Amino acid sequence: MSDLKLAYMSATEALRRYRDKSLSPVEATQAALARMDAIEPKINAFMTRDHETALGEANASEARWAKGEPIGPLDGVSVTIKDLIPMKDRPLRNGSATSSDALCEVDAPSVARLREAGCVFLGKTTSPEYGWKGITDGPLFGFTRNPWNLAHSPGGSSGGAAAALAAGIGHLALGNDGGGSVRIPGSYSGLYGLKPTFGRVPDHPREGIFCMTSTEGPMTRCVADAALMLNELARPDAQDWYALPQDDRDWRDSLEGGVAGLRIAYAPGLGGALVEPEVLELTDAAARTFANLGALVENPGPVFEPLEEAMTAHWLAGFAAILRSIPADKHDLLDPRFRAVAERGLGVTVAELQASIVHRDRLGTLMNQFHQDWDLLLTPTLPTPAPLVDTPYHSQGLHRWNHATPFTVPFNLTGQPGASIPCGVTSGGLPVGLQIVAAKYRDDLVLRASQAFEQTMQPVWPNELVETSLAEPVPTAADRYGEPVA
C-alpha cells in the first residue's frame, strides 16, 4: 500500500482492516507520525506532539485487537485535539502567549469520550488566540499554513486541526465551533466539518458569553467518519446541564435514504452575503446536484437581514470578557488585532448586549418557522476561497462579517446543526465548501444529505506540500509578531 493511501485512509476503513488484521494500529500510527515529521515543518499545525505516548497507545490497541477485544468503537483510530479543548496531561495554551504551560488535570468530556473509545492521540493543534478569528496565526506559534497551497491559510479557528487532517496526518480531528470554527477550516481545507446541534456534544467547563453558541464537532475526510465520531462525542456527561437527553442512536444509521422528495432552500445571498463568482459557480452546481438527486430546490432569497449591526455587541463583549481575565501586565503579549477588538468590547453597554440577545431570540424563532417549509438550507460555507496566510483579520480584505462568517455565525446563534462539505476546487487549486443546515435537533438530516452529496463527488486531496504559488517567501511569525514566544 502506498504511503499516501495509508495517510488518507478513513477511520472507517482502518477499523475494518484492524478487524481483519490486514493493518495494525501500530502500523497506522507509525505512518501518521512519519507523515507528521515530514509535513509539520511546512504547515505548522501542532502546538504539542508526543510520539512516545501515541505509540504506547497504539501498542496497547494492537494487543487488544490481537485478542479480539477492542476497548471501544474507535480503538486504534488516531485523532488530534484542538488547543482550546482541555486534555489531561497536555497544556491548555488557548493559542496565547499569555497562558500557562501547566498541564491539565482532566479531559474535556469530548476528549474523555474519545479516550474511552480507544483513540490514539497524536497531539494538540493550533488555534488563534482564544479562537477569536477565522484564520490561524498568533504570536505564540506563528502561522499555520494550508496544505493545498502553503501561501494560504487553512482557516480557523480550528486551523491546525484542518491543516493536519488535510495533509494526511491522522484519521480524525476534534475542533470546536463558536462562529464557524469547524466549518470555516473545513471549507478552506477541503474537509467535512460538522457543527452538531447545540447541546448534542456535552462540554465542560462552559464559561463566558460564547458558552451558549459554541460546540465541539468532528472534522473528518468523509461523512461516515463524522457519524462514527459523533456516536462517541454525543455520549452523556453529567457535568454539562445544557446537554441534550441521551438517545443511544447510532448516527451512521442516518446516512442512508438520500434526499429525494426533500424541500431544500438554496440561499447564496443569505443575510445579504456577496459571494465570489467562482465560489458561487461551484455551489450553484452543488445545488443542482441535489435537484438531480430528486430534491425540490428553490432560492428563498436572503431569509434574514445582515447580522453585523445587531450582533456585533455580542462578539465584542465576549472578547472583552476574555481580556478582563488576563492580567494587565500580559496584554502586550496578545495579538494586537485581538487586543484592539477586545478593548472595543470594554465599551459595550448592558443595553447593547441586551439588544443582541433579543435579536438572537428573534433569529431563532424565524429559523424555526423557516423550517416548517424547508427541510434543509444550503449555502456556500464561505464567500471566498482561503485567503493568503498573512491577510490581516478584520481588514478590508478579510472582514469578519463580509468574508469570514456571514453563512456560519447565524447557526451558532440559533443552535442549529450545520456541516461544510467539499463541493469542488477553484481554478487556482483551492477547495470550496457547501454548507448544509437543518432544523434544530435534525443532525440526522444533515448527515443524510451530506452522505447523498458526497457519493456524487470524487475525493480530491492536496498535492502541494512543498512549493507555494507565490514568488515571494511565505511569511514567518517574525514578519508580523517578532519571533514566536516559547
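Provided above is the structure to which this section pertains.
Let me begin by describing the structure that accompanies this report. Every chain's residues receive numbers from 1 upward, in the order its sequence appears when written. Side-chain atom pairs in this predicted model are given and counted only at pLDDT of 80 or more, local residue features only at pLDDT of at least 70, and totals for whole chains, interfaces and linings cover all residues. Where side-chain values are given, they derive from all heavy atoms of the structure, hydrogens and water being excluded.

As a further point, take the overall build of the protein chain. Counting its secondary structure elements, the protein chain contains 16 helices and 13 strands. Put simply, the radius of gyration uses C-alpha atoms, and a globule should come to 2.2 Å times the residue count raised to 0.38. Against the globule reference of 23 Å for 486 residues, the protein chain gives a C-alpha radius of gyration of 21 Å, in line with a compact fold. Here the C-alpha coordinates of the protein chain stretch approximately 60 × 60 × 50 Å along the principal axes. Only protein chains enter the area calculation, which uses a 1.4 Å probe; residues under 20% of their type maximum are buried, those over 50% are exposed, and those in between are partly exposed. A total of 486 residues make up the protein chain; the buried ones form 61% of that total. Each accessible area is a Shrake-Rupley estimate made with a 1.4 Å probe; only the visible protein chains count as cover when residues are assessed. For the protein chain, the exposed area adds up to about 18500 Å²; of that, 52% sits on carbon and sulfur atoms. Working definition: helices are DSSP H or I runs of at least four residues, strands are E runs of at least two. Numbering for both runs from the N terminus.

This paragraph deals with empty space enclosed by the protein. Residues are said to line a cavity or pocket when one of their atoms sits within 4 Å of a point; the points come from a 1 Å grid over protein atoms alone, cavities being sets where a 1.4 Å probe fits but cannot get out and pockets being open sets with protein on both sides within 12 Å along at least five of seven lines. Grid points are joined across faces, edges and corners, and a volume is the space filled by probe spheres set on the points. Under the counting rule described, the total for this entry stands at one cavity of 30 Å³ or more. Around the largest cavity, the lining residues are Leu6, Ala7, Ala28, Ala31, Ala32, Ser78, Gly168, Gly170 and His171. Of all the elements in the fold, those that place two or more residues in the lining of the largest cavity are helix 1 (3-7) and helix 3 (25-43). With three residues, helix 3 is the single largest residue contributor to the lining of the largest cavity. Classification used: nonpolar for Ala, Val, Leu, Ile, Met, Phe, Trp, Tyr, Cys and Pro, charged for Asp, Glu, Lys and Arg, polar for all others including Gly. A per-class count over the lining of the largest cavity returns five nonpolar, four polar and no charged.

The next subject is the sheet that holds strand 9 (residues 263-266). Pairing between strands requires that DSSP locate at least two bridges from one strand to the other. What the eleven strands build is an open sheet, ordered 1-3-2-6-8-7-12-13-11-9-10; its pairing is mixed. In the strand order of this sheet, the two ends are held by strand 1 (46-49) and strand 10 (296-298), each with one partner. Across the sheet, the mean angle separating the axes of adjacent strands is 25° when strand polarity is ignored. Across three bridges, strand 9 lies against strand 11 (residues 376-380) in parallel orientation. In the sheet register, Ala265 faces strand 11, and the bridge partner there is Leu377. Any pair of residues with heavy atoms lying within 4.5 Å of one another is described as a contacting pair. Note on definitions: angles span 0 to 180 degrees between N-to-C directions of axes, and those axes are lines fitted to C-alpha atoms, for helices only across the stretch in contact. Each of strand 2 (78-82), strand 6 (172-177), strand 7 (192-195), strand 8 (215-220) and strand 12 (418-425) is contacted by helix 8 (residues 223-233), which is oriented at about 145° to strand 8, the strand it contacts most. Packed onto the sheet, helix 9 (residues 277-292) meets strand 9, strand 10, strand 11, strand 12 and strand 13 (431-438) and runs at close to 45° relative to strand 13.

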